[in-house]
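Structural overview for review
Read off the chains here:
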Amino acid sequence: MADSTFTFRVDDELKAAFAEVAAAQEHTAAQLLRVLMRDAVQRWHEAQEHDVWFRSEVEQAVREAADPTVDRIPHDRVISSWRQQRAELERRAAGRTA
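What comes next is a walk through the structure. (Residues numbered from 1 in each chain as written. Predicted model: local features only at pLDDT ≥ 70, side-chain atom pairs only at ≥ 80, totals over all residues. Heavy atoms only, no water.)

**Looking at the overall build of the chain**
Scanning the chain from terminus to terminus reveals 3 helices and 0 strands. Taking 98 residues into account, the globule formula puts the C-alpha radius of gyration at 13 Å, and the chain, at 28 Å, lies well above it. In terms of principal-axis extent, the alpha carbons of the chain reach across some 65 × 50 × 25 Å. Per-residue burial for the chain yields a buried fraction of 2% across its 98 residues. Of the roughly 9500 Å² of accessible surface on the chain, a fraction of 56% belongs to carbon and sulfur atoms. (Helix = DSSP H or I, 4+ residues; strand = E, 2+ residues; numbered from the N terminus. Rg over C-alpha atoms; globule rule 2.2 N^0.38 Å. Buried < 20%, exposed > 50% of the residue type's maximum accessible area, 1.4 Å probe, protein only. Areas by Shrake-Rupley, 256 points an atom, 1.4 Å probe, with all protein chains shown as cover.)

In structure tokens, the structure reads:
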């Protein structure tokens, strides 16, 4: 891979502060900029991969929601089940403290 030069303008105060931060981390400003650039590229790629995965999950959920053959559990039955589980947990927790 060939190297190339990246030139841009930055105010003197920011440049000096950045050079101090880089030196405190035992890097030159150029080395630290390369680290920051690699991190930015990696974060962007990870965000893109997550977006592809998330959209796929949503599409699958929409297809499933539209599928009349999918077995659905009525809301009242789910609530009843959770209330029973909660009551059981509360009963067990009360037995431990008594």
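**Section: the packing of aromatic side chains**
Enumeration according to the criterion identifies 2 aromatic pairs in this entry. Aromatic pair Phe-6 and Phe-8: ring centres 5.7 Å apart, planes at 75 degrees, arrangement edge-to-face. The class for Phe-6 is exposed, based on a relative accessible area of 59%. Residue Phe-8 is classed as partly exposed on the basis of its relative accessible area, which comes to 46%. (Phe/Tyr/Trp six-rings, centres within 6.5 Å; stacked < 30°, edge-to-face > 60°.)

**Quick notes on the pattern of salt bridges**
Pairing between side chains of opposite charge can happen when their charged atoms approach one another. Under the criterion given, the structure shown has 3 salt bridges. Asp-51 is paired through a salt bridge with Arg-55; the nearest N and O atoms lie 2.9 Å apart. With a gap of 4 residues between them, Asp-51 and Arg-55 both fall in helix 2 (residues 29–66), about one helical turn apart. According to the relative accessible area criterion, Asp-51 is partly exposed, its value standing at 31%. Among the residues examined, Arg-55 registers a relative accessible area of 52% and is labelled exposed. (Salt bridge = Lys/Arg side-chain N within 4 Å of Asp/Glu carboxyl O.)

**Topic: the environment of Glu-64**
Structurally, the position occupied by Glu-64 is in helix 2. Taking the relative accessible area as the measure of exposure, Glu-64 reaches 45% and is therefore partly exposed. In this structure, the C-alpha to C-alpha distance between Glu-64 and Thr-7, residues 57 residues apart in sequence, is 51 Å. In this view, Glu-64 contacts Val-70 and Arg-72; residues no more than four positions away in its chain are not counted. (Contact = heavy atoms within 4.5 Å.)

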